[in-house]
Amino acid sequence: MTPHFLWAPFDTLTGRQVHDLLRLRQDIFIVEQNCPYPDIDGRDPTAEHLLAFDPSGKVRTLIGALRLLDGAAAPHGSSLPALPADQATTIGRIVVDAAYRGVKLGGTLLAEAIRQIEATRHTPIAQLSAQAHLQGFYGRYGFTAVGEEYLEDGIPHVDMRRQAAGVAA
């Protein structure tokens, strides 16, 4: 399945799009994963957002999303130093609606994020904070674990980085 993509800065999203984005993240990260944490962290207004919509319906149903942030700030619990905006882009809040799992949407979102970083940001490193059990998934897209495993909101995580194509490690 190839979703309809929308790349947008936060301030250009409609009220409905913001509502649907926050609801999807709440449904998955807070309710499904039973992890109460402050999802509204103040970083969405400075992020570039990827929204993925179901291509089959007339109604634009949000089925997945992620955000890109300039630089690579280490998450709470990580031992890694932050990287400046010209050196790294952070991929975060990758979320797929439960009804759309199993159709490789997570990989489609991740590949689109990598494409966007290489096409528009030109930073040599993409970084993300991965739930530890997903290291193999991210590894298929060129990410490698760096640093030690740590707890973020009670869930084991590990930082992962990917060198941009044509950049020496």
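Residues numbered from 1 in each chain as written. Predicted model: local features only at pLDDT ≥ 70, side-chain atom pairs only at ≥ 80, totals over all residues. Heavy atoms only, no water.

*Asks:* Any chance you could break down the overall build of the chain for me, citing the residues and the numbers?
*Replies:* Each helix and strand counted, the chain has three helices and seven strands in total. Scanning the chain from its N terminus toward the C terminus, one meets helices and strands in the order β-α-β-β-β-α-β-α-β-β. Counting only C-alpha atoms, the chain reaches 45 × 35 × 30 Å along its principal axes. Counting across all 169 residues of the chain, residues that qualify as buried make up 46%. Here the analysis covers contacts within the chain between residues at least 6 apart in sequence; of these, 65% occur between residues at least 24 apart. Within the chain, the 19 negative side-chain charges are centred at a point lying 6 Å from the centre of the 15 positive side-chain charges. (Helix = DSSP H or I, 4+ residues; strand = E, 2+ residues; numbered from the N terminus. Buried < 20%, exposed > 50% of the residue type's maximum accessible area, 1.4 Å probe, protein only. Contact = heavy atoms within 4.5 Å. Lys, Arg positive; Asp, Glu negative; His and termini not counted. Charge placed at Lys NZ, Arg CZ, Asp CG, Glu CD.)

*Asks:* Report on the environment of Gln87, specifying residues and quantitative values.
*Replies:* Tracing the backbone through its elements, the reader meets Gln87 in the loop between strand S3 (62-70) and strand S4 (88-96). We classify Gln87 as partly exposed; its relative accessible area is 34%. Residue contacts for Gln87: discarding those within four places in its chain leaves Thr123, Pro124 and Ile125.

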